Amino acid sequence: MTEPQRDRLAARQAELLRALLAGGEPPQGFDPAQLRVEANALLAKRRSVAAMLAPEVADALGQRFRPLFDEYAAAHPRAVDSGARADAAAFAEWTMARGELPAPADKSRRWWQLRRS
Amino acid sequence: MSRPLRLGVGIGWRPEIDLTVERLPGVDFVEVVAENLRADQLPESLRLLRERGVPVLPHGVTLSLGGAEPVDRQRVAHLASVAQALDAPLVSDHVCFVRAGGLDSGHLMPVPRTRDALDVLVANVRAAQAELPVPLALENVAALLEWPDNELTEGQFLASLVERTDCRLLIDVANLYANARNVRTDPAEFLDAIPLERLAYVHVAGGHEHGGVYHDTHAHPVLPEVLDLLRELRSRVEPPGVLLERDDNYPTDTELAEELAAIRAVLAER
């Protein structure tokens, strides 16, 4: 049986991901510099995946893409049931809701679907 | 115990470089990210490679075998279906976790090298093996941080994992280099500790240094130091296969061919 081991491991891993992705307290014993490097690397990875999946959004935002994505990501850590494509789509919706991107003229289409037209 | 399958030299197949991979001379095998495929809709390029007899090995990135939760059987079933569609001789994933506390890290996170974590990993690997039609190889990941909880070295941890699950090893020498740089792994101790007779194949990849930290980007050229580690590994065992991973910032076909040639040259050294 691995229940006690799973419970202890779950607590430590959740604590670490909360710190890296959701602004949680740094877990005890970790090197703060390493936590910063890891958090930045995970953010950069998420940002580059979003840019790859929705290049129209990244292109339309230009220089604003990076700061806006980072602000979005900090406020919306990716949940386990949300895929990378849904993440890119949610970011596009978020930018439109803030008026950073115009809503597409054809309401039935989304920014991230334009490429496939 | 079966003899390791001879694979040769290969490259990671990606949709962006499908024609390049088809054209490159001397590609003995390829690897594909399993989560990006559907068993019933294989890309034409992979069908072509299979028709030529090139082995295509599915590589998982989301099983989260080192995670605290029991392994997700749907994800294992997907990996199994892709393996069957490709008639693959083996599949792989990583010694890592990507999900915890309801959050998805989006990238491969190192597990704490504790006896607790090892017990959980072993249970998850056995559960996955029970559902897979072919052997499972597990890969060492690049870590940017060190768990203060660590009780074992990375080599000891992997050796125990193999002993308890009979899994194969996929050793990434670029990740080993990254860990030597970033989290003080001793490459010689690592290579001494792991059961190299269980080696399925080796990954080689490029990366770069940023702010005093080595990042395993798969988007930069392979460093000579990484090839040195391949050389070091080969001084202990003849690797059954060596595969170049390139995921972004794709260079010209010539440059990729040169990187494969550099790998071949190391393998041909006396």
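As a starting point, this report considers the structure included with it. As the structure is a computational prediction, the values presented were derived from the model and not from experiment. (Residues numbered from 1 in each chain as written. Chains lettered and ligands numbered in written order. Predicted model: local features only at pLDDT ≥ 70, side-chain atom pairs only at ≥ 80, totals over all residues. Heavy atoms only, no water.)

### Regarding the overall build of chain B
Which entries qualify depends on this criterion: Segments assigned H or I by DSSP are reported as helices when at least four residues long, segments assigned E as strands when at least two residues long, and all are numbered from the N terminus. Taken over C-alpha atoms, the radius of gyration is set against a globule rule of 2.2 Å times the number of residues to the power 0.38. Relative accessibility under 20% of the residue-type maximum defines a buried residue, over 50% an exposed one, and the middle range a partly exposed one, all with a 1.4 Å probe and only protein chains included. We call two residues in contact whenever any of their non-hydrogen atoms come within 4.5 Å of each other. For the charge count, each Lys or Arg is scored as positive and each Asp or Glu as negative, with His and the chain ends excluded. A charge is said to be at NZ when it belongs to Lys, at CZ for Arg, at CG for Asp and at CD for Glu.
In terms of regular secondary structure, chain B is built from nine helices and twelve strands. Taken over C-alpha atoms, the radius of gyration comes to 17 Å for chain B, in line with the 18 Å a tight globule of 270 residues would show. Residues counted as buried form 58% of the 270 residues belonging to chain B. Contacts in chain B between residues at least 24 apart in sequence constitute 78% of all its contacts with a sequence separation of at least 6. The average position of the 25 basic charges and that of the 43 acidic charges among the side chains of chain B differ by 5 Å.

### What about the overall build of chain A?
Scanning chain A for helices and strands turns up five helices and zero strands. Here chain A holds 117 residues, and the buried ones make up 40% of them. In chain A, 43% of the contacts between residues at least 6 apart in sequence involve partners at least 24 apart.

### Observations concerning the interface of chain A and chain B
This is how it is decided: Buried area is understood as the total, over both parts, of accessible area removed when two parts are fitted together, assessed with a 1.4 Å probe. The working definition used for a salt bridge is a side-chain nitrogen of Lys or Arg within 4 Å of a carboxyl oxygen of Asp or Glu.
Taken together, the contact between chain A and chain B spans 30 residues of the former and 37 residues of the latter. In this assembly, chain A packs against chain B so that about 2800 Å² is buried in total across both faces, 65% of it on carbon and sulfur atoms. Area buried by chain A at its contact with chain B is led by R6, Q13 and V80 of chain A, which between them contribute 23% of it. Between the two partners, chain A and chain B, sit three salt bridges. With a shortest N-O distance of 2.7 Å, R12 of chain A and D149 of chain B are connected by a salt bridge.

### Regarding the packing of aromatic side chains
For clarity, the threshold we go by: Centre distance within 6.5 Å is the pairing criterion for rings of Phe, Tyr and Trp, where only the six-membered ring of Trp is used; planes under 30 degrees apart are then read as stacked, over 60 as edge-to-face, and the remainder as tilted.
Across all of its chains, the model carries eleven aromatic pairs over all chains by this definition. Here the aromatic rings of F30 of chain A and W147 of chain B are separated by 5.0 Å at their centres, their planes lie at 65 degrees, and the arrangement is edge-to-face. Taken together, the residues F30 of chain A in the loop between α1 (3-21) and α2 (32-53) and W147 of chain B in the loop between β7 (136-139) and α5 (154-165) connect one chain to another. The pair F30 of chain A / W147 of chain B is uniform in exposure class, with both members buried. Plain terms: the ring middles of Y72 of chain A and F91 of chain A are 5.3 Å apart, the flat faces sit at 55 degrees to each other, and that makes the pair tilted. Placement of Y72 of chain A in helix α4 (residues 65-75) and of F91 of chain A in helix α5 (residues 84-97) is noted, with a sequence separation of 19 residues between them. The exposure classification of Y72 of chain A matches that of F91 of chain A, with both residues buried. Grouped by ring-pair contacts, the aromatic residues F65, F69, Y72, F91 and W94 of chain A constitute a single cluster.

### Some points on unusual backbone geometry
Residues and elements named next belong to chain B. Positioned with a positive phi, D87 is a non-glycine residue whose angle comes to about 55 degrees. Residue position: D87 is located in the loop between α3 (73-86) and β4 (91-94). D87 sits in the exposed class, given a relative accessible area of 57%.

### Some remarks on the environment of A86 of chain A
Residues and elements named next belong to chain A. The residue A86 is located in helix α5 in this model. Owing to a relative accessible area of 42%, A86 belongs among the partly exposed residues under this scheme. Separated by 33 residues in sequence, A86 and L53 have C-alpha atoms that sit 9.8 Å apart.

### Section: the nonpolar core
Inclusion rule: The definition of a nonpolar core used throughout is a set of buried Ala, Val, Leu, Ile, Met, Phe, Trp, Tyr and Cys residues joined through side-chain atoms within 4.5 Å.
Residues L161 and V204 of chain B are the most contacted members of the largest nonpolar core, which totals 87 residues. Tallying contributions element by element places α3 of chain B first for this core, with six residues. Setting aside chain neighbours within four positions, we find L161 of chain B in contact with V95, L118, L121, V122, V125, L138, D166 and C167 of chain B. Judged by nonpolar contacts, the second largest core, of 17 residues, contains V57, A58, A88 and L101 of chain A.

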